[in-house]
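What follows is each chain in one-letter form.
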Amino acid sequence: MSRLFNIAVVGASGAVGEEIFRILDEQNFPVGDILPLASARSAGGKIEFRGKEYMIEELTESSFEGRDIDIAFFSAGGSVSAKFVPYAVEAGAVVIDNTSHFRMDPKVPLVVPEVNPQDIAAWKETGIIANPNCSTIQMVLALKPLYNLYGEIKRVDVATYQATSGAGKSGMEELVRQMQDFFAFRLDESEHKAFMHQIALNVIPQIDKPMPNGYTKEEMKMTNETKKIMGANIAVSATCVRVPVLRSHSEAITVTFNDDVVVDVDQVRAALDNFPDVEVMDDLEHGIYPMPITATDTDITYVGRIRKDIFADNILHMWVVADQLRVGAATNAVRIAQKWIELEDY
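The model shown is predicted, which means the values in this text are computed figures rather than measured ones.

Draft legend 1. Structural detail: the layout of surface pockets. In this model, the largest pocket occupies a volume close to 1200 Å³. Taken together, 47 residues form the lining of the largest pocket, with S75, A76, G77, G166 and G168 sitting closest to its centre. Where the lining of the largest pocket is concerned, the elements lending two or more residues are α1 (15-26), α2 (78-90), α4 (169-183), α5 (217-230) and α8 (326-344). Its residues placed into classes, the lining of the largest pocket shows 16 nonpolar, 21 polar and 10 charged. A volume near 170 Å³ is recorded for the second largest pocket. Lining the second largest pocket are A167, A194, F195, M196, I204, Q206, I207, D208 and R242. For the lining of the second largest pocket, the class distribution of residues is 6 nonpolar, 1 polar and 2 charged.

Draft legend 2. Looking closely at unusual backbone geometry. Of note, L201 is a non-glycine position whose phi angle comes to about 60°, a positive value. Backbone geometry places R305, a non-glycine residue, at a positive phi of 50°. You can see R305 is positioned in strand β13 (residues 301-308). For R305, a relative accessible area of 30% puts it in the partly exposed group.

Draft legend 3. Region of the structure containing the sheet that holds strand β7 (residues 94-97). Strand order across the open sheet formed by 6 strands is β5-β2-β1-β6-β7-β8, with parallel pairing between neighbours. On the outer flanks of this sheet lie β5 (57-58) and β8 (128-130), each paired with one strand and no other. As paired elements, strand β1 (residues 5-10) and strand β2 (residues 31-38) share 5 bridges and run parallel to each other. Looking at β2, one finds that A8 is bridged to L35. Of the strands in this sheet, β1, β6 (71-74), β7 and β8 are in contact with α8, which crosses β6 at around 160°.

Draft legend 4. Looking closely at the packing of α1 against α8. Direction vectors running N to C along α1 and α8 enclose 50°, while the axes themselves pass 9 Å from each other. Considering their axes alone, α1 and α8 lie oblique with respect to each other. The element α1 and its partner α8 pack so that their crossing is right-handed. From α1, V16, E19, I20, R22, I23, L24 and E26 reach across to α8, where they touch R326, A329, A330, T331 and V334.

Draft legend 5. Inspection of the sheet that holds strand β11 (residues 249-257) at higher detail. Pairing in this open sheet of 6 strands is mixed, and the strands run β10-β9-β11-β14-β13-β12 from one edge to the other. Strand pairing shows two members of the sheet lacking a second neighbour, β10 (235-242) and β12 (278-280), which therefore form its edges. Taking the axes of each pair of neighbouring strands and ignoring which way they run, one obtains an average angle of 20° across the sheet. Contacts from α5 reach β9 (153-162), β10 and β11 within the one sheet, and its direction differs from that of β10 by about 145°.

Draft legend 6. Looking closely at the nonpolar core. Grouped together as the largest cluster of nonpolar side chains are 59 residues, with contacts concentrated most on F64, A72, F74, F257, L272, I306 and M318. A per-element tally of this core places helix α3 (residues 134-150) first, with 8 residues. Beyond its immediate chain neighbours, meaning those up to four positions away, M318 contacts A142, L143, L146, E251, A252, I253, V255, V303, G304, R305, I306 and R307.

Draft legend 7. Focus on the pairing of β11. Of all 9 residues making up β11, 7 are buried, and the element is well covered by its neighbours. As defined by bridge partners, β11 adjoins strand β14 (residues 315-322) across 8 bridges and the pair is classed as antiparallel. Its bridge partner being in β14, I253 is matched across the sheet by M318.

Draft legend 8. A look at the packing of aromatic side chains. Following the criterion strictly, the structure yields 10 aromatic pairs and no others. An angle of 70° between the planes, with centres 6.4 Å apart, marks the rings of F5 and W340 as edge-to-face. Of the two residues, F5 is situated in strand β1 and W340 in helix α8; the sequence distance between them amounts to 335 residues. The exposure class of F5 is buried, given its relative accessible area of 0%. Ring plane angle 80° and centroid distance 5.5 Å describe the contact between W123 and W340, whose orientation is recorded as edge-to-face. Of the two residues, W123 sits in the loop between β7 and β8 while W340 sits in helix α8, which places them 217 residues apart along the sequence. On the accessibility criterion, W123 (16% relative accessible area) is buried. On the accessibility criterion, W340 (3% relative accessible area) is buried. Taken together, F5, W123, W340 and Y346 form an aromatic cluster joined through their ring pairs.

Reading the values: the criteria
Residues numbered from 1 in each chain as written. Predicted model: local features only at pLDDT ≥ 70, side-chain atom pairs only at ≥ 80, totals over all residues. Heavy atoms only, no water. 1 Å grid on protein atoms, 1.4 Å probe; cavity = no way out; pocket = protein on both sides within 12 Å on 5 of 7 lines; lining within 4 Å. Points joined across faces, edges and corners; volume = space filled by probe spheres on them. Helix = DSSP H or I, 4+ residues; strand = E, 2+ residues; numbered from the N terminus. Nonpolar A, V, L, I, M, F, W, Y, C, P; charged D, E, K, R; others polar. Buried < 20%, exposed > 50% of the residue type's maximum accessible area, 1.4 Å probe, protein only. Pairing = 2+ DSSP bridges. Contact = heavy atoms within 4.5 Å. Axes fitted to C-alpha atoms, helices over the stretch in contact; angles between N-to-C directions. Parallel < 35°, antiparallel > 145°, perpendicular 65-115°, else oblique. Left-handed = near helix turned anticlockwise from the far one by under 90°. Core = buried A, V, L, I, M, F, W, Y, C linked by side-chain atoms within 4.5 Å. Phe/Tyr/Trp six-rings, centres within 6.5 Å; stacked < 30°, edge-to-face > 60°.

Below you can see the structure in the form of structure tokens.
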């Protein structure tokens, strides 16, 4: 590929923005010029990309004018995307949005490239491609090969164990600070701002706002996004929990297939292991299974603890772990861009 693409990253100073730059470099993405954008508070800072320094500019309505941006990654919150994405599209960029703002818009494709790459073609209607929720991405990467193997999935029940980095840099910093306070015997004085409760030595069974049905917004994201990505009316029930881990989300997933399916664990392992960007780690006797420290700083979704239900032949249980800053955000966004270039035949 000889053509280079001019890239803008909105939220360039944030955790996901920083990962996007790392992955663009690691993937040898054909980058021409770089436009790092952030809030006024972060403007003036610098990022380094391939040996060159770029100054972070303040995001404004005119940021994209005359800049000839081909691809704009947005990772600065839903309200920012709502306001500024239209300016990027109007200036001619394809926007890959990592917030929840456009995900359920029926005109905007919601894409995990290994699962539904064909949906990218719909970008032309709005100029936008949405990046799913981090927990949804790793779950559908594990579900898709099972869907291919056994056909219809009736129901998915999932409990997530989500790292503090899911709340950005402030979430990680709060965990570190509280642990420091614990060892200094002053944890009772430690503030919590990123989370509703103390996160150190604790788990919090709430992520995002409560909904009228008793679920949280995060849980409903998993329900609704899975259906849109998979193109199937799968019943999904989630319980999302914040845990005192710095990075990488874990999920305990129960999958119910049609009544006539008899789960074969060996077939399941093979289907998962042969699926792109998924790897099986499943040797309970020797203590081999995915953990956050296994997945952190990788682009793989790991699956272990694979077992058939002891009461029903058509039910499967598994444990899925991935680095949500990469697989669940930045890596998926870059993979979307790579697939978009491929499909547009540049």
